[in-house]
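Structure assessment
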Amino acid sequence: MRIRQLTTIAEMTAAVDLFDALWPPGDAGSLIQPEMLRALTKAGNYLAGAFDEDRLVGACLGFFGPPASRSMHSHVAGVSAQHAGIGLALKLDQREWALRHGVETISWTFDPLVGRNAYFNLTKLGATAAEYLPDFYGEMTDGVNQGAGSDRLLVSWDLAAPVGRPVERGDAVIVLGRAADGGPEIGSLDDSLPASPDGVTLLIATPSDIAALRRTDPAMANAWRVALREVLSPLVGEVAGFDRAGFYVVRQKGTGR
């Protein structure tokens, strides 16, 4: 497996084809076009591909933020289903490239209902939750997101920090859980929470498999989106990580209760 910058139109077309396979185009067409990738790379931005021998199996695009911010926004990254393990290698390559180019932070968005992505971004990479973005892209038409809304969680990755951030839940209160039927079950942020000068650890669940739920029960999938937005949005600045059980772990500061 090799990871390197994509430099030719043929390689950029292969990247678009890969993205189309992962996010089948809808009425709005492909996520991005080869000519836009050409323009972005000519301007000095990041576009890397992962190759299994001569076959492109993963790609990642990032572009620079405002000059004074020394930042990059990672717009899209995807790998073929048979090569899911190379996602980490792609992000580490992006990190090394960014550091060589004077970048201090990388930001990106992801669907907060997809637990495996939350674990990868917040815990495995160690990015920090920065902002909850309701309906960020508006109505999307691709085969993955159509009809699902486009709420996103913006994260920021401090490239000077160690990669990865272990998270321990300890004693915790579930404020969004999973009901017996698989739907969301909202708890209560009230005086029943235990008092502690160190604050309280809260747990916010995600559905076990939101992609399958969107296919089999769109109404329940939408209920999860609404519930997660309601619970996570006001707490996003206190998210400490995401655990393997599928919960956002929130460290709420002491309230003196």
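Structure report, in brief. Think of each chain on its own: its residues are numbered from 1, step by step along the sequence as written. Note on the predicted model: pLDDT of at least 70 is required for a residue's local features to be given, and 80 or more for side-chain atom pairs to be given and counted; whole-chain, interface and lining totals, by contrast, use all residues. To get the side-chain values, all heavy atoms of the structure are used, and hydrogens and water are removed first.

**A word on empty space enclosed by the protein**
Both site types are read off a 1 Å grid over the protein atoms alone. A 1.4 Å probe that fits but cannot get out defines a cavity, while an open set with protein on both sides within 12 Å along at least five of seven lines defines a pocket; lining residues have an atom within 4 Å of a point. Grid points are joined across faces, edges and corners, and a volume is the space filled by probe spheres set on the points. Scanning the entire structure with this criterion turns up one cavity of 30 Å³ or more. What the largest cavity holds in volume is close to 50 Å³. Together, twelve residues line the largest cavity, and Asp111, Leu113, Asp151, Arg214 and Arg225 are the ones closest to its centre. In terms of residue class, the lining of the largest cavity is built from five nonpolar, two polar and five charged. Throughout this entry, Asp, Glu, Lys and Arg are counted as charged residues, while Ala, Val, Leu, Ile, Met, Phe, Trp, Tyr, Cys and Pro are counted as nonpolar. The remaining residues, Gly among them, count as polar.

**Digging into the sheet that holds strand β10 (residues 200-205)**
Here the rule is simple: two strands pair whenever DSSP picks up at least two bridges between them. A run of DSSP states H or I qualifies as a helix once it reaches four residues; a run of E qualifies as a strand once it reaches two. Both are numbered from the N-terminal end. Strand order in this open sheet of five strands is β9-β8-β10-β12-β11, and the pairing throughout is mixed. Either end of the sheet is taken by a strand with one partner, and the two such strands are β9 (184-186) and β11 (239-242). Within the sheet, the average angular offset between the axes of one strand and its neighbour, ignoring direction, is 20°. Both β10 and strand β12 (residues 247-252) contribute to a ladder of six bridges, which runs antiparallel. Counted as the bridge partner of Leu203 is Val249 from β12. Set on the sheet, helix α4 (residues 115-124) makes contact with β11 and β12; between it and β11 the angle comes to about 120°. Residues are treated as being in contact if the distance between any of their heavy atoms lies within 4.5 Å. For every element, the axis is a line fit to its C-alpha atoms; helices are fit only across the contacting stretch, and the angle between N-to-C directions ranges from 0 to 180 degrees. Set on the sheet, helix α6 (residues 218-232) makes contact with β8 (173-178), β9, β10, β11 and β12; between it and β8 the angle comes to about 165°.

**A closer look at the packing of helix α1 (residues 9-22) against helix α2 (residues 34-42)**
One way to put it is that α1 packs onto α2 with a least axis distance of 9 Å and a crossing angle of 120°. Taken together, the axis directions place α1 and α2 in an arrangement best described as oblique. As α1 packs across α2, the resulting crossing turns out to be right-handed. Along the contact surface, α1 presents Ile9, Met12, Thr13, Ala15 and Val16, while α2 presents Pro34, Leu37, Arg38 and Thr41. A class-by-class count of the residues in the contact of α1 with α2 yields six nonpolar, two polar and one charged. Each angle gets one of four labels, with under 35 degrees taken as roughly parallel, over 145 as roughly antiparallel, 65 to 115 as roughly perpendicular, and the rest as oblique. Crossing handedness is read from the near helix: turned anticlockwise from the far helix by less than a right angle, it gives a left-handed crossing, and turned clockwise, a right-handed one.

**Examining the pattern of salt bridges**
Note on definitions: salt bridges are taken to be side-chain nitrogens of Lys or Arg within 4 Å of carboxyl oxygens of Asp or Glu. According to the stated counting rule, one finds five salt bridges in the structure shown. Close ionic contact of Asp111 with Arg214 constitutes a salt bridge, the shortest N to O distance being 2.9 Å. With a gap of 103 residues between them, Asp111 in the loop between β5 (105-110) and α4 and Arg214 in helix α5 (residues 210-216) connect regions that are remote in the sequence. Between buried and exposed lies partly exposed: a residue is buried under 20% and exposed over 50% of the maximum accessible area for its type, with that area taken using a 1.4 Å probe on protein chains only. On the accessibility criterion, Asp111 (9% relative accessible area) is buried. Arg229 is the salt-bridge partner of Asp151, the closest N and O atoms lying 2.8 Å from each other. In this pair, Asp151 sits in the loop between β6 (128-133) and β7 (152-158) while Arg229 sits in helix α6, placing the two residues 78 residues apart along the sequence. Classification of Asp151 by relative accessible area gives buried; the value is 3%. In this structure Arg229 comes out as partly exposed when scored by relative accessible area, which is 30%.

Function cannot be inferred from these measures alone, as they are strictly geometric.
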